[in-house]
Amino acid sequence: MAELMYREALNQALAEEMERDANVFLIGEEVGRYNGAFKVSQGLLDKFGSARIIDAPISELGFTGMAAGAAMVGLRPVVEMMTWNFAILAMDQIVNNAAKLRHMSGGQLRCPIVFRGPGGAGGRLSSQHSQALEANYAHFPGLKVIAPATPADAKGLLKAAIRDENPVVMIEGERLYAVKGEVPEGEHVVPIGKADVKREGKDVSIITWSRMYYFCEEAAQQLEKEGISVEILDLRTLRPLDEEAILATVRKTNRAVVVEEGWALAGVGASVVDIIQSKAFDELDAPVLRVTGLDVNMSYAANLENATQPDAAKIAAAVKKVLYREGA
Amino acid sequence: MASPYSKELLLTMYRKMYLIRRFEERAGQQYGLGKIAGFCHLYIGQEATAVGAIEAIRPDDYMLSAYRDHGQPLARGADAGMVMAELFGRGTGYSKGKGGSMHIFDIEHHFYGGYGIVGGQIPLAAGMAFASRYRNEDRVTVCYFGDAAANQGAFHETLNMASKWKLPVIYICENNRYGMGTAVGRTSAVPEMYKRAVAYDMRGEPVDGMDCLKMYETVKDAAEYCRAGKGPVLLEANTYRFRGHSMADPATYRSKQEVEEERKNDPIPKIKDFALKKKLAKEEEFDVIDEEVKAQVDAAVKFADESPEPSVEELWRDTIVEPGEEDVRPRERVLGTKVKWPSYPSGKELKVTWDLEPRAQAEKEDKKAGLAR
Ligand SMILES: Cc1ncc(C[n+]2csc(CCOP(=O)(O)OP(=O)(O)O)c2C)c(N)n1
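Everything numeric in this text was worked out from a predicted model, so none of it was measured.

S.K.: Could you clarify how one ought to interpret the interface of chain A and chain B in this entry?
M.R.: Facing 51 residues of chain A, the contacting portion of chain B comprises 56 residues. The largest per-residue losses of area from chain A upon contact with chain B belong to Arg33, Val73 and Gln108 of chain A, which jointly make up 17% of the total buried on that side. At the junction of chain A and chain B, the tally comes to 4 salt bridges. A salt bridge links aspartate 327 of chain B to arginine 102 of chain A, with the nearest nitrogen and oxygen atoms 3.0 Å apart. At the level of secondary structure, the elements contributing two or more residues to the side of chain A that touches chain B comprise β2 (24-28), α2 (44-48), β3 (53-55), α3 (60-72), α5 (91-97) and α6 (101-104) of chain A. Taken together, the residues that form the side of chain A that touches chain B break down as 22 nonpolar, 17 polar and 12 charged.

S.K.: I would appreciate a short explanation of the environment of glutamine 131 of chain A in the present structure.
M.R.: Residue and element names in this part refer to chain A. Residue placement: glutamine 131 occurs in the loop between β5 (114-119) and α7 (134-138). Classification of glutamine 131 by relative accessible area gives buried; the value is 13%. For the pair glutamine 131 and methionine 81, spaced 50 residues apart in the sequence, the C-alpha separation amounts to 14 Å. Apart from the residues lying within four places of it in its own chain, the contact partners of glutamine 131 are Asn85, Ile88, Gly119, Gly120, Ala121 and Trp263. Within polar-contact distance, the side chain of glutamine 131 engages the side chain of asparagine 85 at 3.2 Å.

S.K.: Can you help me understand the UniProt feature "domain: Transketolase-like pyrimidine-binding" (unreviewed entry) in chain A in this one?
M.R.: As annotated by UniProt and renumbered to match this structure, "domain: Transketolase-like pyrimidine-binding" (unreviewed entry) occupies residues 4-179 of chain A. Spanning residues 4-179 of chain A, this segment combines 38% helix with 17% strand, and its end C-alpha atoms are found 8 Å apart.

S.K.: What's the story with the packing of aromatic side chains in this structure? I'm lost.
M.R.: The description of an aromatic ring pair rests on the distance of the ring centres and on the angle between the ring planes. Counted under the stated rule, the structure contains 17 aromatic pairs over all chains. A ring pair is formed by tyrosine 6 of chain A and tyrosine 177 of chain A, whose centres lie 5.9 Å apart and whose planes are at 65 degrees; its orientation type is edge-to-face. A residue pair is termed long-range when its members are at least 10 positions apart, and tyrosine 6 of chain A in helix α1 (residues 6-20) and tyrosine 177 of chain A in the loop between β7 (168-173) and β8 (180-183) qualify at 171 residues. Judged by relative accessible area, which is 0%, tyrosine 6 of chain A ranks as buried. An aromatic cluster of three or more residues is present, and its members are Phe25 of chain A together with Phe130, Tyr134 and Trp354 of chain B. Its guanidinium or amino end placed over the ring of tyrosine 300 of chain A, arginine 124 of chain A lies 4.3 Å from that ring's centre, counting from NZ or CZ. The side chain of arginine 203 of chain B reaches across the aromatic face of tyrosine 225 of chain B, ending 4.8 Å from its centre.

S.K.: Whenever I open this one, unusual backbone geometry confuses me. Can you help?
M.R.: Trans peptide bonds make up the majority, and among non-glycine residues the majority have a negative phi. All names here are of chain A. Backbone torsion omega between arginine 239 and proline 240 reads 0 degrees, so that peptide bond is classified as cis. By the secondary structure assignment, proline 240 is in the loop between β12 (237-239) and α10 (243-253). With a phi angle near 65 degrees, asparagine 254 is a residue other than glycine that sits in the positive phi range. Here asparagine 254 is to be found in the loop between α10 and β13 (256-263). Despite not being glycine, alanine 266 has its phi angle at roughly 60 degrees, a positive value. As for its placement among the helices and strands, alanine 266 is situated in the loop between β13 and α11 (268-279). In this structure alanine 266 comes out as exposed when scored by relative accessible area, which is 65%.

S.K.: I'm lost on a nonpolar patch on the surface in this one. Help?
M.R.: A contiguous nonpolar patch, built from Val312, Leu315 and Trp316 of chain B and spanning about 440 Å² of accessible area, is present on the exposed surface. If you trace the backbone, tryptophan 316 of chain B turns up in the loop between α11 (283-306) and α12 (330-335).

S.K.: Just checking my understanding: could you explain the site of the ligand for this structure?
M.R.: Residues and elements named next belong to chain B. Around the ligand, a shell composed of 15 residues is seen, among which Tyr67, Arg68, Gly116, Ala148 and Asn176 lie nearest. The backbone of alanine 148 places a nitrogen or oxygen atom 2.9 Å from an oxygen atom of the ligand. Asparagine 176 is positioned with one of its side-chain polar atoms (N or O) 2.8 Å from an oxygen atom of the ligand. Taken by itself the ligand offers 590 Å² of open surface, and the protein chains cover 72% of this. Taken together, the residues that form the shell around the ligand break down as 7 nonpolar, 6 polar and 2 charged.

About the cut-offs
- Residues numbered from 1 in each chain as written.
- Chains lettered and ligands numbered in written order.
- Predicted model: local features only at pLDDT ≥ 70, side-chain atom pairs only at ≥ 80, totals over all residues.
- Heavy atoms only, no water.
- Contact = heavy atoms within 4.5 Å.
- Buried area = accessible area lost by both parts, 1.4 Å probe.
- Salt bridge = Lys/Arg side-chain N within 4 Å of Asp/Glu carboxyl O.
- Helix = DSSP H or I, 4+ residues; strand = E, 2+ residues; numbered from the N terminus.
- Nonpolar A, V, L, I, M, F, W, Y, C, P; charged D, E, K, R; others polar.
- Buried < 20%, exposed > 50% of the residue type's maximum accessible area, 1.4 Å probe, protein only.
- Polar contact = N/O pair within 3.5 Å; in protein donor to acceptor, adjacent residues only side chain to side chain.
- UniProt positions renumbered as here; feature names shortened; annotations may be inferred.
- Phe/Tyr/Trp six-rings, centres within 6.5 Å; stacked < 30°, edge-to-face > 60°.
- Lys NZ or Arg CZ within 6 Å of the ring centre and 35° of its normal.
- Patch = residues over 30% accessible without salt bridge, like charges linked within 9 Å, V, L, I, M, F, W, Y side chains within 5 Å.
- Areas by Shrake-Rupley, 256 points an atom, 1.4 Å probe, with all protein chains shown as cover.
- Near = heavy atom within 4 Å.

This is the structure we're talking about:
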């Protein structure tokens, strides 16, 4: 297996799927001659030409809707959002059109399309460029939402998303593009809707996704030294949520911490907690805790930025709390 | 002078316009009876813009519209009973009662929907036109929207792309002079919508939207232009709605006199008079059509009224495509009539030959500018 960066894994998935199916095309700002703002589409223009790798004007609403129209009549567009912060301008086309076409037409239409691009906070970019927005999309019926943490999952989930008959929102980790990992060659498809136990443990479950997985892993390693065995469940798909996997891990460890980069109120983690308390309340030995981004806008100053986000220390503290070991 | 139009064309146009008129009058009446709810935007007065355009294009050309969307699918051949059933919220409607008045979809007749967000369908149309070029088909896409929609960002963003990429799409702005209760001049710096095409270096023209034949000629010409790969066209059909914006609107923001004046322009008697004057049809032939259409609309109302509501299990269908699931073909499902369904080439059969930004030229320009690739 090759060791690839997250961005290279995505690039491989795109190239393979475009090779396999001529209906697949990529559209977005700077995806062609510039080779992608984050270099995910490196080399694709040379391979596939300008009708399939399309440099769009800075018209997020316009080109997103255009791609949805192409999907309505059988093409399979991949729309690259330069970042999800700007995709807010395209939200109408994603939620009012793509997500509802099948419903409004009573099952006559389908809209097989992928909206993908980097999301998440960090990098000293202040409040307009630094936010985790997946909860917004996870809210809408008619969309699937995925958020891979590792290069292998990034490749496998993107391939699955391109083959899916529904609109799929893929939030990539802006801070993960250079992360390296083993990536299976060729036909590696990760099913949408399946969470993954990234670390086996027996004392407590941490449930998370995307970039936060790495902080959880760091916390787990520290905690291991203190004799605490942590299981990490990487959700990978936020809509639909893998209820079975969530309940299975909670039934195993009887304790859970849900870690989310975004804001607490109406976050995806709130729904995870809801699933646990309504379906596995009796299995719990402690209330479920959440670690989330603080309920404030992101600041530029390094210390404020850090204080705003979850990190390994905050996660470890929450784990100890659900084990009633705080201050121990 | 002899008419350049065949009797058949004129009678077809008359029949379709009259069908839309009768259908809308009955829809208004059924709304009053509480059989139809929600928003119901009638098309009365604007029939010529739909019918003239539809007769000028091919049945397999794509078409889509906003929420004032009963007329276009009817003119394309949709089943009047099933459109009415959709307005009634019945399971036999085109969208099984899930869409209602604002979301009529009849894919069999290449009518890709009515949309409720002002201007939201404009980019979709460009995407459908893009797909035609991508697949080397000579299909055009016709997209309707209102004058108020032309102030949305979606309009400007899309015209820019459509023109730059020479997409075969005909945008028909139905300027009925009001966006809800707001007269066009109160909100639009340039109230002549066709002029906006200039900003995107594309073809733009005004057309008398109260005259079915003028619509027909203009759209025929525009479609040829699009099919020849010359790019998109923006038409401004100057028209008028005789009723309020929706059934909820008594339209007190305009004078009685204005409406009276506009009613003299009614496109339906206009085409009838034309045919009579040219001696292409007799009064009795129109009477026969009128009776047939009235019976058709009566039957549509009866069909809708007698149809059951959708089953509650329908709630859980049609949001996500499940693996292996087929698309729903409404007329097959409801009337048991076999229909031909659009099919698209698989990725294996498809050869993309279009160059959106020709390579050789780009390289030459780069070289001239001293840029490396
Ligand atoms: C984005 C959006 N804003 C507002 C509305 C409410 N609304 C519905 S129709 C309408 C007027 C639109 O007028 P126009 O585009 O000229 O079309 P017409 O109704 O005249 O056919 C408004 C304001 C809406 N549906 N969508």
